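Structural description and commentary
Spelled out, the chains give:
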Amino acid sequence: MDLRELRYRGTQVAYSVVCERKLWLFSRGVSFEHLSEWVQLGRLLDERSFRREREEDFYDEPVRVDFIRSRRGLVVHEVKHSRAIETAHELQVKYYIYYLRKKGLEVSHGVIHYPRARQIREVYLTQEDEGLIEDALLHMGEVLSLSLPPPVIDKPYCKKCAYEEFCYG
Ligand code: SF4
């Protein structure tokens, strides 16, 4: 896949797993995240965790990685406050690895930190994963080309979603 096609933020890639409606709304600039207690809790936790390491933030539009540190090559780190949507976190980190490798960086693997649960999870990008990411990015393009948002999905995690009132109010 061409680098020019890698125009998505990691958050969008994660949202594509969580909910296509959320992906669509977020990408169109519809945001209630500043009003969501759950999102604010996550931010607070992110800010308090790894404060020192965060000086090593890597920012390269559209990708913002929590921090990268050399070990066996570069390691992508991502902090999450809940394990509820682990598949989405995993795809997000794999996307970062994929993106940075396409940029020519030698990224070894990723680590997802769950400070509340005091757990970490290592994430590796396989060749098969690369195909999955490319398929996901193509599908995201299709979702985002829709003129109306995809339907409400009615999942348990809707209750903790910043768009809950918008979708169910
Ligand atoms: S509340 Fe549910 S349906 Fe609405 S955007 Fe969030 S996850 Fe999707």
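Please read all numbers here as calculations on a predicted model, not as lab measurements.

Points about the site of the ligand
All residues adjacent to the ligand are Cys 19, Arg 21, Lys 22, Val 152, Ile 153, Cys 158, Cys 161, Tyr 163, Glu 164, Cys 167 and Tyr 168. Per element, the largest residue contribution to the shell around the ligand is 3 residues, and it comes from helix α6 (residues 164–168).

What about helix α4 (residues 86–102)?
Taking 1.5 Å per residue, 17 residues should reach 24 Å; α4 reaches 24 Å between its end C-alpha atoms and fits that length. With 14 of 17 residues buried, α4 is to be regarded as a mostly interior element. Backbone geometry just downstream of α4 places Gly 104 in the positive-phi region, at approximately 95°.

Some words on the environment of Ala 162
Along the chain, Ala 162 falls in the loop between α5 (127–144) and α6. Spatially, the C-alpha atoms of Ala 162 and Ser 31 are 7.8 Å apart, while their sequence positions differ by 131 residues.

Some details on the packing of aromatic side chains
In this structure the tally under the stated criterion is 3 aromatic pairs. Their ring planes at 85° and their centres at 5.1 Å tell us that Tyr 15 and Phe 26 sit as a pair that is edge-to-face. With Tyr 15 in helix α1 (residues 10–18) and Phe 26 in helix α2 (residues 20–27), the pair connects residues that are 11 residues apart, well separated along the chain. Neither Tyr 15 nor Phe 26 differs from the other in exposure class; each is buried.

Here's the deal with the nonpolar core
In this structure, Val 76, Tyr 95 and Leu 137 are the most contacted members of the largest nonpolar core, which totals 34 residues. Those elements giving two or more residues to this core turn out to be α1, α2, β2 (63–65), α4, β5 (107–114) and α5. Counting residues per element, this core draws most heavily on α4, which supplies 8 residues. Filtering out sequence-adjacent residues up to four positions away, Leu 137 remains in contact with Met 1, Leu 6, Tyr 8, Val 13 and Tyr 95.

Analysis parameters
- Residues numbered from 1 in each chain as written.
- Predicted model: local features only at pLDDT ≥ 70, side-chain atom pairs only at ≥ 80, totals over all residues.
- Heavy atoms only, no water.
- Near = heavy atom within 4 Å.
- Helix = DSSP H or I, 4+ residues; strand = E, 2+ residues; numbered from the N terminus.
- Expected span 1.5 Å × (residues − 1).
- Buried < 20%, exposed > 50% of the residue type's maximum accessible area, 1.4 Å probe, protein only.
- Phe/Tyr/Trp six-rings, centres within 6.5 Å; stacked < 30°, edge-to-face > 60°.
- Core = buried A, V, L, I, M, F, W, Y, C linked by side-chain atoms within 4.5 Å.
- Contact = heavy atoms within 4.5 Å.

Keep in mind these values describe shape, not function.
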